[in-house]
Amino acid sequence: MTFDAHQLDTILLLGSLVTLLAILAVRVSSRAGLPSLLIYLLMGVLLGEGALGINFDDPQMAHALGFAALVLILAEGGLTTNWGEIRPQMRMGFSLATVGIAVSVAVMALGAHYLLGLPWELAVLLGAVCSPTDAAAVFSVLRVVPLPRRITGTLESESGLNDAPTVVLVTLVSTGAVHDHGALAIIGIIVLELAAGVLLGLAVGFGGAWVMRRAALPSSGLYPIAILCLTVIAYAAGAALHTSGFAAVYVAALVLGNAELPHRAATKSFSEGVAWLAQIGLFVMLGLLLSPGRITLGIVGLALVAGLLLTVVARPVSVLVSALALPMPLRDLAFISWAGLRGAVPIVLTTIPLSEGVDDAEKLFDIVFVMVVIYTLLTGPTLPVVARWLRVARRSEPRDLDVEAAPLERIAADLLQIKVSPVSRLHGVEVGELRLPPGASVALVIRDGESLVPERRTVLRHGDDLLVVTPRKVRTVTEERLRQVSLSGRLAQWLGTDEPPRPR
């Protein structure tokens, strides 16, 4: 097969147009409260044989490209995750990603076999590919819902960790290794691969951070590239050593993203851009892989029943069992159950049995594809309503924007952006009454489109945007103080907050 400059020009033109349309579609999906993955999948279907006629029917390539995209998405998730925020909930997130996955797979496999009549191999595969949540799908919706960190930390840690065990399980089932080993041996293999992947990720993360602090690269633009390459090295080394590469890449990225490295803000921005590009390419490719002619009423019926079983039985049961590791209020657990959105990950996982030639693998792909679309449409837009109904939504949450203070990183400071919401009790409080920790200060107040430099007697109003500069070492204390005043007003020092203090 030859490849000339004319073909390259066509690919660049089509690829750029599709990417630009996909970027613009993010605005539409965010306003509608829908994960952008649905629009990207639809674009892929329209580009495929069902409309424009682009033929893509290569499961092996889809498998390889899908895994490459997931590596970049997981790397971005780790690099942009604040360890201090998810650490208190890491036990629950890890429980959901291991025990929760096992419970969900078991419930789904039993239901798929006895209710849907699927053979055991296909039933187990259906349970395995549907059990992990998708970080891109979850947080594209949760960005518009103000939630306490105990919930966002749980969902974030779960979505970063649960890909690894399911990839190992789906691979073992698809390659027939399950028939060669007993159940205990399979569990042992999964645990061993996960543990080795975590250790490898820690080694690459801490080792890479040590190197980056001493590298003194000539250009700031090289740091984001080098750090992203380190995360990919963690995955590739893990895969080459037959450990969990997905566990390695997420752990390495988590370590690097929370290390005191030069140009941290540039690294996070770069990784977010790369992850968006990976998501767009991944979802469009998966849409291309679908053959609309195979979607029959029978497939839709199976997808509806499987999705119902997952949403109202398997997911709630897995969350309740996982909560034994870290008890949480029932309303929190109910929201976590409803917020377990599925996205690209289940569809990508179906490319493993497709590439291995498992019987009825195309049927599995079609069922999962339809199920993801239907139940994302059902659960995604309802998350804000469910959060209010369960009374888990917060009123005013500081939003942080990491900024570089100096090229040599001698000034370790962060910039917090706080919106004084219509129900916040920051209204009427003077800047001096905030009593922020030493070194932290309100640098700017944006009111009615105008900026003003506040004095101690400046009174805050509903609708104000505050820019607060805080040394990184007292950032948590600063956010806690702002949250206390937002909830309880200027007397927060004596009244306390609406919720118990979070563990450190």
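Refer to the structure printed above.
This section reports on the structure supplied with the text. (Residues numbered from 1 in each chain as written. Predicted model: local features only at pLDDT ≥ 70, side-chain atom pairs only at ≥ 80, totals over all residues. Heavy atoms only, no water.)

## Things to note about the packing of helix α3 (residues 59-79) against helix α14 (residues 264-289)
Part 1 of the argument: Two numbers describe how α3 lies on α14: the axes approach to 8 Å, and their chain directions differ by 150°. By the criterion of interaxial angle, the relationship of α3 to α14 is roughly antiparallel. Two packed elements cross with a definite hand, and for α3 against α14 that hand is left-handed. Contacts between α3 and α14 pair Ala62, Leu65, Gly66, Ala69, Leu70, Leu72, Ile73, Glu76 and Leu79 from the former with Lys268, Ser271, Glu272, Val274, Ala275, Ala278, Gln279, Leu282, Met285 and Leu289 from the latter.
Part 2 of the argument: When the residues that make up the contact of α3 with α14 are grouped by side-chain class, the tally is 13 nonpolar, three polar and three charged. (Axes fitted to C-alpha atoms, helices over the stretch in contact; angles between N-to-C directions. Helix = DSSP H or I, 4+ residues; strand = E, 2+ residues; numbered from the N terminus. Parallel < 35°, antiparallel > 145°, perpendicular 65-115°, else oblique. Left-handed = near helix turned anticlockwise from the far one by under 90°. Contact = heavy atoms within 4.5 Å. Nonpolar A, V, L, I, M, F, W, Y, C, P; charged D, E, K, R; others polar.)

## Structural notes on the environment of Leu290
Part 1 of the argument: One can find Leu290 in the loop between α14 and α15 (297-322).
Part 2 of the argument: Classification of Leu290 as buried rests on a relative accessible area of 7%.
Part 3 of the argument: Taking C-alpha positions, Leu290 is 8.3 Å from Phe365, a pair spaced 75 residues apart along the chain.
Part 4 of the argument: Each residue touching Leu290, except ones within four places of it in the same chain, is listed here: Val45, Ile295, Phe365, Asp366 and Phe369. (Buried < 20%, exposed > 50% of the residue type's maximum accessible area, 1.4 Å probe, protein only.)

## Describing the packing of aromatic side chains
Two descriptors summarise a pair of aromatic rings, namely the distance from one centre to the other and the angle between the planes of the rings.
Part 1 of the argument: In this structure the tally under the stated criterion is five aromatic pairs.
Part 2 of the argument: Both rings, one in Tyr40 and one in Phe283, keep their centres 6.0 Å apart while their planes meet at 25°; by these two values the pair is stacked. Here the residue Tyr40 occupies a position in helix α2 (residues 37-47), and Phe283 occupies one in helix α14, the gap between them amounting to 243 residues.
Part 3 of the argument: Exposure remark for Phe283: the relative accessible area of 1% places this residue in the buried category.
Part 4 of the argument: On the basis of an interplanar angle of 85° and a centroid distance of 5.8 Å, the ring pair of Tyr114 and Trp120 is categorised as edge-to-face. (Phe/Tyr/Trp six-rings, centres within 6.5 Å; stacked < 30°, edge-to-face > 60°.)

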